[in-house]
Each structure stands twice: as C-alpha cells, then as structure tokens.
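# Geometric and topological summary
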Amino acid sequence: MAVTLEHIQKQLSHELDALSTIITQTLRSDSELTNSIVTNYLKSKGKMLRPIVALLSAKFFGGINDKALQGAAALEMLHNASLIHDDIIDEATERRGLPTINSVWSNHVAVLVGDFFVTGALRCGVATGDPRILSALADMGRDLSLGEIDQVDIARNRNIDEAIYMDIIRDKTASLFECCAAVGGYANDAAPEAIDEMKHFARLLGLCFQIKDDTFDYFHNPIIGKPTGNDLREGKITLPLIYALGRTDLPEHDEMLQLVKKENLSSEDIDRLINFAKEAGGIDYAYQTMKRLRDEAGQILAPHAPNDTVKEFMEIFDYVIERKL
C-alpha cells in the first residue's frame with residue numbers, strides 16, 4: 001500500500017490550520033493586487049511537508065508551541081518564495097495544477113510577490129523572539145542561494161561527480177529540512193547535541209527528497225508538468241546519469257561522456273542520455289542510495305523508539321521515496 005501523508009496531516013490538522021492562519025494574516029496587506037495574487041496562490045497549499053517536519057521536531061522535543069508555529073510559517077513562506085522565483089527561471093506556466101504568478105501577470109510582478117513572501121518570513125522569524133531561529137533562517141537562505149548558484153556554475157562545464165552532486169543538493173534542498181528540524185528544537189530549548197542529531201536526520205531526508213525529485217526527470221509525467229530531460233536542458237546532471245557516466249565498463253561510456261559535455265544538447269541528445277542512464281542502472285542506483293539514506297536516518301532515531309513521533313518521521317521518509325510527484 002502506498003505511503004501517504006494524510007494521516008500525519010490529520011494528526012496535526014489543528015496545528016496546520018493555525019500555521020495557515022499565521023501565513024494568511026502575515027501576508028495580508030493594503031494592496032488589493034497583492035492580496036488577490038497571494039490569496040489565489042495560497043489556494044493550493046502543497047503537501048506542507050517542510051512545516052510538518054518542523055512541527056514534528058517540536059513535538060519530539062516537548063511540544064508544538066507558538067514559537068514553533070511562527071518558525072514553521074517562516075520556513076513555509078521562504079520555501080514558497082523560492083518556488084515563485086523558480087517558476088520565473090523555468091518559465092513555468094503551472095504549479096500544483098494552478099497557473100503560476102509569472103504566467104498570469106509578469107516576471108516583474110512574480111519577483112516582487114516572491115520578495116513579499118520573504119518579508120513575511122522575516123516577520124514571522126522576528127515574532128519567535130528567538131535569535132537562534134533567526135540565525136538558522138538566515139543561514140538556510142544563504143545555503144539555498146549558494147546551492148543554486150553552484151549548480152548553475154557547474155552546469156556551465158558539466159564537470160560533476162557524486163560527491164559534488166551531494167554537496168549541491170545538501171545546500172539547495174536539505175538545508176531547508178535541517179532548518180525545520182532546528183526550529184522545532186529551538187522552540188523547546190532542546191540540548192544542542194539533540195538538535196544536531198535531529199538536523200542530521202533531516203539532512204538525510206532532504207537529500208532523499210531531492211534525489212527522488214531528480215528521478216522524475218527521466219520519465220514522462222503530465223501531472224508534474226515538466227518535459228522529460230528538463231534538467232539536462234538546463235545543464236543539470238543528476239544522480240542517475242552521474243552513476244551511468246561512472247561506469248567505464250560500458251561500451252557507450254566514452255561517447256556518452258563526450259555527448260554530455262556538448263554546449264547545446266538537442267532533444268535527440270537528451271533522449272540518448274536518458275536512455276543510457278536507465279539502461280546503465282542509474283535509476284536503480286538512485287533508489288539504492290535513497291534506501292541507504294533511510295537506513296542511516298533510522299539508526300539516528302532508533303535509540304528513541306518506540307515513539308509515535310519517530311514512527312511518523314520514518315513514515316515521512318517512506319513517503320518521500322515512494323511519492324509519485
């Protein structure tokens with residue numbers, strides 16, 4: 001049976017409703033245009049995975065209080081700001097089944113709305129009254145930006161191996177999950193060692209999330225709304241192809257290695273690279289890596305089991321691996 005987030009969302013329904021209220025109130029303004037755009041955008045909340053991690057972390061460390069809710073709201077707004085800006089870069093027309101802000105209005109408006117979400121996140125960060133949370137948010141924002149910039153830089157020369165790939169996705173994705181874990185700990189004044197332990201778990205979860213996300217690029221999925229090979233079109237080489245290119249025993253290796261270094265890849269080139277990655281076992285390797293990360297994460301929380309929150313954290317890990325979009 002497929003793993004879903006629904007029962008965890010139900011367990012946290014009261015807290016998630018409170019978090020949504022905080023976000024709505026924080027983003028309310030005197031601008032009718034801004035209110036209209038924000039209201040339409042918030043109609044689709046997504047899976048709320050990151051604030052769920054923050055709230056579960058708070059629950060694990062003692063309880064979900066107002067500080068945890070404000071911190072989780074800040075994280076969700078920062079995440080959404082990054083999505084709005086990503087839609088501009090990707091020239092996306094849909095997200096979560098709804099038209100993107102840039103497609104309805106303009107890139108100019110979308111950039112400003114994304115920035116408005118950032119200011120909302122800052123306000124919630126201040127509302128926690130905890131400088132540790134503000135510092136964690138600032139560090140996370142820095143890591144997100146550097147991760148994206150490093151990916152663009154590396155895409156220019158196509159020079160990437162698995163270690164570099166892991167460093168990039170740690171910054172651009174896992175750092176946000178780590179911050180979620182930290183917020184829950186700070187909200188309950190948990191011991192630094194315990195917070196570091198939970199951040200390690202969340203880092204592994206974030207790495208797994210991005211690896212799974214990257215596998216979607218190798219298969220056509222109309223629900224996601226991105227063409228197959230979109231990452232390669234942008235010069236991004238992800239784990240399945242990195243693994244395939246590392247297999248020097250394959251007769252196509254040298255040809256594929258030269259192909260991936262081309263300045264501009266044609267649709268035919270992209271199809272060949274995708275098929276090469278699949279046939280070389282790249283997708284299987286990605287799943288093996290995700291399962292390894294899950295096993296490592298399970299060892300981190302094992303000393304705290306049996307515990308309902310630990311069980312929910314591991315269910316989230318299973319969901320991330322099994323999710324379809």
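Just above sits the structure.
Residues numbered from 1 in each chain as written. Predicted model: local features only at pLDDT ≥ 70, side-chain atom pairs only at ≥ 80, totals over all residues. Heavy atoms only, no water.

## Some remarks on the overall build of the protein
Looking only at helices and strands, the protein features 16 helices and two strands. Considered along the principal axes of its C-alpha atoms, the protein spans approximately 60 × 50 × 35 Å. A total of 325 residues make up the protein; the buried ones form 50% of that total. Summarising the internal contacts of the protein: among those between residues at least 6 apart in sequence, 76% fall at separations of at least 24. On the protein, roughly 15600 Å² of surface is accessible, and the fraction owed to carbon and sulfur atoms is 51%. Side chains of the protein carry 34 positive and 50 negative charges; the gap between the two charge centres is 3 Å. (Helix = DSSP H or I, 4+ residues; strand = E, 2+ residues; numbered from the N terminus. Buried < 20%, exposed > 50% of the residue type's maximum accessible area, 1.4 Å probe, protein only. Contact = heavy atoms within 4.5 Å. Areas by Shrake-Rupley, 256 points an atom, 1.4 Å probe, with all protein chains shown as cover. Lys, Arg positive; Asp, Glu negative; His and termini not counted. Charge placed at Lys NZ, Arg CZ, Asp CG, Glu CD.)

## Considerations on the packing of aromatic side chains
Evaluated as defined, the whole model comprises six aromatic pairs. On the basis of an interplanar angle of 65 degrees and a centroid distance of 5.2 Å, the ring pair of Phe201 and Phe313 is categorised as edge-to-face. With Phe201 in helix α10 (residues 192-215) and Phe313 in helix α16 (residues 308-322), this residue pair connects regions lying 112 residues apart in the sequence. Assigned by exposure class, Phe201 and Phe313 land together as buried. Relative to Tyr285, the ring of Tyr243 has its centre 4.4 Å away and its plane inclined at 10 degrees; by these criteria the two rings are stacked. With Tyr243 in helix α12 (residues 239-245) and Tyr285 in helix α15 (residues 282-301), the pair connects residues that are 42 residues apart, well separated along the chain. (Phe/Tyr/Trp six-rings, centres within 6.5 Å; stacked < 30°, edge-to-face > 60°.)

## Thoughts on α16
Helix length check: α16 (15 residues) gives 21 Å between terminal C-alpha atoms against 21 Å at 1.5 Å per residue, within 8%. Taken together, the buried positions of α16 are Thr309, Val310, Glu312, Phe313, Met314, Glu315, Ile316, Phe317, Tyr319, Val320 and Ile321. In this fold, the buried residues of α16 make contact with α1 (6-11), α4 (49-61), α10 and α15. At the N-terminal end of α16, a side-chain oxygen is found 2.8 Å from the backbone nitrogen of Thr309, two or three residues along, and the residue is Asn307. (Expected span 1.5 Å × (residues − 1). Polar contact = N/O pair within 3.5 Å; in protein donor to acceptor, adjacent residues only side chain to side chain.)

## Section: the environment of Asn275
In this structure, Asn275 sits in helix α14 (residues 267-279). Residues Asn275 and Gly206 lie 69 residues apart in sequence; the distance between their C-alpha atoms is 27 Å.

## Remarks on the environment of Pro131
Here Pro131 is to be found in helix α8 (residues 131-157). Classification of Pro131 as exposed rests on a relative accessible area of 61%.

## Some thoughts on the pattern of salt bridges
On inspection of all chains with the given rule, the structure shows 16 salt bridges. Residues Asp189 and Arg132 are paired through a salt bridge, measuring 2.7 Å at the closest nitrogen-oxygen approach. Placement of the pair is Asp189 in the loop between α9 (162-186) and α10 and Arg132 in helix α8, with a sequence separation of 57 residues. Arg132 gets classed as partly exposed once you look at its relative accessible area, which sits at 32%. Across the pair Asp249 and Arg247 runs a salt bridge whose closest N-O atoms are separated by 2.8 Å. Exposure remark for Arg247: the relative accessible area of 24% places this residue in the partly exposed category. (Salt bridge = Lys/Arg side-chain N within 4 Å of Asp/Glu carboxyl O.)

## Points about a nonpolar patch on the surface
Together, Leu33, Val104 and Trp105 give the surface a local cluster of nonpolar side chains, amounting to about 290 Å² of exposed area. Positionally, Trp105 belongs in the loop between α6 (101-104) and α7 (107-127). (Patch = residues over 30% accessible without salt bridge, like charges linked within 9 Å, V, L, I, M, F, W, Y side chains within 5 Å.)

## Some details on the nonpolar core
Leu75, Phe117, Phe201, Ile211, Leu241, Ile316 and Phe317 are the most contacted members of the largest nonpolar core, which totals 99 residues. In terms of residue count, α9 provides more of this core than any other element does, twelve residues in total. The residues touching Leu241, leaving out its near neighbours within four places in the chain, are Tyr218, Leu232, Val260, Leu273, Phe276 and Ala277. (Core = buried A, V, L, I, M, F, W, Y, C linked by side-chain atoms within 4.5 Å.)

## Considering the environment of Lys43
Structurally, Lys43 is set in the loop between α3 (32-41) and α4. Taking the relative accessible area as the measure of exposure, Lys43 reaches 61% and is therefore exposed.

## Structural notes on the side chain of Asp214
Checked against the element boundaries, Asp214 lands in helix α10. With no salt bridge to any partner, buried Asp214 finds its closest opposite charge in Lys172, at an N-O distance of 5.5 Å. Residue contacts for Asp214: discarding those within four places in its chain leaves Tyr165, Asp231 and Thr238.

## Quick notes on α7
Residues separated by three or four positions in an α-helix point in the same direction, a consequence of the helix having 3.6 residues per turn. In a regular helix each residue adds 1.5 Å, so 21 residues correspond to 30 Å; α7 covers 30 Å between its end C-alpha atoms and thus fits that length. Buried residues of α7: Ala110, Val113, Gly114, Phe117, Gly120, Ala121, Cys124 and Gly125, and no others. Seen end-on, α7 carries its buried residues on one side only, within an arc spanning 140 degrees. Of the exposed residues in α7, those oriented more than 90 degrees away from the buried face are His108, Leu122, Arg123 and Val126. Backbone geometry just downstream of α7 places Gly129 in the positive-phi region, at approximately 70 degrees. (Arc of directions from axis to C-beta.)

## A word on the packing of α10 against α16
As a packed pair, α10 and α16 sit with axes 8 Å apart at the nearest point and diverge in direction by 15 degrees. Taken as axis vectors, α10 and α16 run roughly parallel relative to one another. Between α10 and α16 lies a crossing of left-handed hand. Across the interface between the two elements, Met198, Phe201, Leu204, Leu205, Cys208, Phe209 and Lys212 from α10 touch Phe313, Met314, Ile316, Phe317, Val320, Ile321 and Glu322 from α16. (Axes fitted to C-alpha atoms, helices over the stretch in contact; angles between N-to-C directions. Parallel < 35°, antiparallel > 145°, perpendicular 65-115°, else oblique. Left-handed = near helix turned anticlockwise from the far one by under 90°.)

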